Amino acid sequence: MFTGIVEELGEVVRITETAGDSALVALRGPLVTSDARHGDSIAVNGVCLTVVDVSDGTFTADVMGETLRRSALGALRAGDPVNLERAAALNSRLGGHLVQGHVDGVGEVIAREPAPQWETVRFRLPAALARYVVEKGSITVDGVSLTVAEVGADWFSVGLIPTTLKLTTLGARRVGDPVNLEVDVLAKYVERLLGARLAGPALPDTGPPGGPPGAGLPGTAATGGVA
C-alpha cells in the first residue's frame, strides 16, 4: 500500500527482455533503495513492483507481460525519469490517499494550461473508469496522488503546484503522453456493496420442481452429500 506522495524522481537504467513477454527492469533511486531489501515493494510510476536485487542505489524488478500491456511501463526506455515511492509504513502520515499500486487503466495527456503559480493539466480517461472519478475526489496519475478539479464524460483535470511539476514526471509530460491511472479503491468497494444491496438478497435454492427444499444443494441430507 502507498500514499501517492512521490519520494524520489528516479531513472530507468536498463530494460532486459526475459522469457516470454516479461522484462527485468533496473532503476536508479538512491533514496528508495537506502533501506530496500529483496522482496520489498516500490511503486514505479504508480505500479507496485517487487525488488529482486539492490546494488549501489539501483534496484531491479521483474515486470510481467500483463503489467507491460496494461500500464504505461511498456513505453519506458533507458534514461526515462520515473516516480518512485516505497510502501507506506503503518506509522507514517497519510499525506495523499490510499493507493494500491494496481493500475486500473492508461490515460493520456490532452491539454496543459500554464498559470503563474500552478498548471492545469487535462487527461483523457478510459470510459470504464469514468464512474469512479468525481470532482474534488482523489485519483493517482503515474503514482502521484491528485485532487480532481473538473471531470467530464471521458476526461478529468487537475491543478499541479510547482513542487509537483518539479519533483515528479508530470512536469515534463507532453500532450499525447500515456499515464498510469488508479482510481480511488473506496469508490470501487462502495459500488460493489451498493450493487449487491440494490440487487436484493439471493433467492434460496428450493431444488428441482416437486422436490423438498434444499434438494440439489451439495452437503444436504436430501442429496446425501458430505458437509
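Parameters at a glance
- Residues numbered from 1 in each chain as written.
- Predicted model: local features only at pLDDT ≥ 70, side-chain atom pairs only at ≥ 80, totals over all residues.
- Heavy atoms only, no water.
- Helix = DSSP H or I, 4+ residues; strand = E, 2+ residues; numbered from the N terminus.
- Buried < 20%, exposed > 50% of the residue type's maximum accessible area, 1.4 Å probe, protein only.
- Contact = heavy atoms within 4.5 Å.
- Areas by Shrake-Rupley, 256 points an atom, 1.4 Å probe, with all protein chains shown as cover.
- Pairing = 2+ DSSP bridges.
- Axes fitted to C-alpha atoms, helices over the stretch in contact; angles between N-to-C directions.
- Core = buried A, V, L, I, M, F, W, Y, C linked by side-chain atoms within 4.5 Å.
- 1 Å grid on protein atoms, 1.4 Å probe; cavity = no way out; pocket = protein on both sides within 12 Å on 5 of 7 lines; lining within 4 Å.
- Points joined across faces, edges and corners; volume = space filled by probe spheres on them.
- pLDDT = per-residue confidence, 0-100.

(A) The arrangement of the overall build of the chain in detail. Within the chain one finds three helices and 12 strands. Looking at the chain as a whole, 37% of its 227 residues qualify as buried. For the chain, the proportion of contacts with a sequence separation of at least 24, taken over those separated by at least 6, is 66%. Only carbon and sulfur atoms are counted for the fraction: they give 57% of the accessible area of the chain, which is about 12800 Å².

(B) Region of interest: the sheet that holds strand 11 (residues 155–160). Spatially, six strands are ordered 7-8-11-10-9-12 in a closed barrel, and the strand pairing comes out antiparallel. For this sheet, the mean angle separating the axes of adjacent strands, direction not counted, is 45°. By the bridge criterion, three bridges tie strand 9 (residues 138–141) to strand 12 (residues 178–183) in an arrangement that is antiparallel. By the bridge assignment for strand 12, threonine 140 is matched with glutamate 182.

(C) Region of the structure containing the nonpolar core. Residues Phe123, Leu125, Val133, Val141, Leu146 and Phe156 are the most contacted members of the largest nonpolar core, which totals 21 residues. Put simply, the parts of the chain that give this core at least two residues each are strand 8 (119–124), strand 9, strand 10 (144–151), strand 11 and strand 12. Sequence-distant contacts of valine 133, that is, excluding residues within four places in its chain, are made with Leu125, Ile139, Val148, Val151, Phe156 and Val183.

(D) Region of the structure containing empty space enclosed by the protein. All told, the structure shown has one cavity of 30 Å³ or more when counted by the stated rule. Roughly 30 Å³ of internal volume is contained in the largest cavity. Among the elements that take part in the lining of the largest cavity, strand 6 (residues 81–86) stands out by supplying three residues, more than any other.

(E) View of the confidence of the model for the chain. Residues of the chain with pLDDT of at least 70 account for 86%, and the chain-wide mean is 87. Below a pLDDT of 50 lies the segment residues 206–227, which in the model reaches 21 contacts outside its immediate sequence neighbourhood of four places, other chains included.

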